[in-house]
Amino acid sequence: MANSKEIEIQPFICGLDAALRVIGGKWKPLILFFLAKEPRRYGELKRCVRGVSDKMLIQHLKELEVDGVVLRTDYQEIPPRVLYELSPFGFSLADALGSLCRWGEENEDVIAKNLKAKSDA
């Protein structure tokens, strides 16, 4: 009998399912995008990821850290200084998202037009 505190992990359907379990959530891909450019302190990251609440940013950063994607360095200073950066595993994930970023950039006009049409309907 398994310990009641153990979480049963369902098998992945495919590689995309595995990746989505790591980057699932509205803000995680954006966090990865900005950390791939350079390590950032919390406040910098909050300014980059416009619209994210403190609660969600903290939660997503903790989840990404547990998943081995983000490294958190606390310098134990006053005032607090904490730096977030991608791990090598995180950079490999950010690289995989690069094609999706390029697709979005190449199709921004079409996407915006379709979103407007959808909101007008």
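In what follows, the structure referred to is the one given above.
Every value quoted in this text rests on a predicted model; they were computed, and no experiment measured them.

Cut-offs and rules
- Residues numbered from 1 in each chain as written.
- Predicted model: local features only at pLDDT ≥ 70, side-chain atom pairs only at ≥ 80, totals over all residues.
- Heavy atoms only, no water.
- Helix = DSSP H or I, 4+ residues; strand = E, 2+ residues; numbered from the N terminus.
- Rg over C-alpha atoms; globule rule 2.2 N^0.38 Å.
- Contact = heavy atoms within 4.5 Å.
- Buried < 20%, exposed > 50% of the residue type's maximum accessible area, 1.4 Å probe, protein only.
- Pairing = 2+ DSSP bridges.
- Polar contact = N/O pair within 3.5 Å; in protein donor to acceptor, adjacent residues only side chain to side chain.
- Patch = residues over 30% accessible without salt bridge, like charges linked within 9 Å, V, L, I, M, F, W, Y side chains within 5 Å.
- Areas by Shrake-Rupley, 256 points an atom, 1.4 Å probe, with all protein chains shown as cover.
- Salt bridge = Lys/Arg side-chain N within 4 Å of Asp/Glu carboxyl O.
- Core = buried A, V, L, I, M, F, W, Y, C linked by side-chain atoms within 4.5 Å.

Peer 1: How should the overall build of the protein be read in this particular structure?
Peer 2: When helices and strands are counted, the protein shows six helices and three strands. Reading the protein from its N end, one meets helices and strands in the order α-α-β-α-α-β-β-α-α. Here the C-alpha radius of gyration of the protein, 17 Å, is well above what a compact globule of 121 residues would show, namely 14 Å. Within the protein, contacts between residues at least 6 apart in sequence are counted, and of these 41% link residues at least 24 apart.

Peer 1: Help me out: how do you make sense of the pairing of strand β3 (residues 82–86) in this one?
Peer 2: Regular strands have side chains that alternate between both faces of the sheet. Of all five residues in β3, four are buried; the element is thus mostly enclosed. One ladder, built from five bridges, connects strand β2 (residues 70–74) with β3; its direction is antiparallel. Each residue of the ladder has a partner; that of D74, found in β3, is V82.

Peer 1: Would you mind going over unusual backbone geometry with me for this structure?
Peer 2: Between I78 and P79 the backbone carries a cis peptide bond, its omega angle lying at -5°. Looking at where P79 falls in the secondary structure, it is placed in the loop between β2 and β3. Residues other than glycine seldom take positive phi values, yet Q76 does so here, at roughly 50°. Mapped onto the secondary structure, Q76 falls in the loop between β2 and β3.

Peer 1: Quick question: what am I supposed to make of the side chain of K28 here?
Peer 2: By secondary structure assignment, the location of K28 is in helix α2 (residues 28–37). Polar contacts involving the side chain of K28 include one to the side chain of E63, which spans 2.7 Å. Beyond its immediate stretch of four places on either side in the chain, K28 contacts V22, I23, H60, E63 and L64.

Peer 1: Is there a simple way to explain the environment of G43 in this structure?
Peer 2: Position of G43 among the secondary structure elements: in helix α3 (residues 42–48). G43 gets classed as partly exposed once you look at its relative accessible area, which sits at 30%. For G43 and E8, which are 35 residues apart along the polypeptide, the C-alpha to C-alpha distance reads 35 Å.

Peer 1: Any chance you could explain a nonpolar patch on the surface here in plain terms?
Peer 2: A grouping of L100, W103, I111 and L115 is seen on the molecular surface, where their side chains present a nonpolar patch of about 400 Å² in accessible area. Along the polypeptide, I111 turns up in helix α6 (residues 108–120). The partly exposed category is assigned to I111, whose relative accessible area is 31%.

Peer 1: What should I look at first to understand the sheet that holds β3 in this one?
Peer 2: Two strands in a sheet stick together by hydrogen bonds in their backbones, pointing the same way (parallel) or opposite ways (antiparallel). If you walk across this open sheet you meet the three strands as β1-β3-β2, and the pairing is antiparallel. In the strand order of this sheet, the two ends are held by β1 (40–41) and β2, each with one partner. Here β1 runs beside β3; their pairing, made up of two bridges, is antiparallel. Within the sheet, the bridge partner assigned to R41 lies in β3 and is L83.

Peer 1: Hey, could you run me through the nonpolar core in this one?
Peer 2: The nonpolar side chains of a soluble globular protein tend to be buried with one another. The biggest cluster of nonpolar side chains holds 21 residues, and the ones touching the most others in it are I31, L45 and V69. Taken together, the elements giving at least two residues each to this core come down to α1 (15–23), α2, α4 (54–66), β3 and α5 (88–106). Looking at this core element by element, the count peaks at four residues for α2. Contacts of I31, omitting those with residues within four sequence positions, involve L45, V49, L57, H60, L61 and L64.

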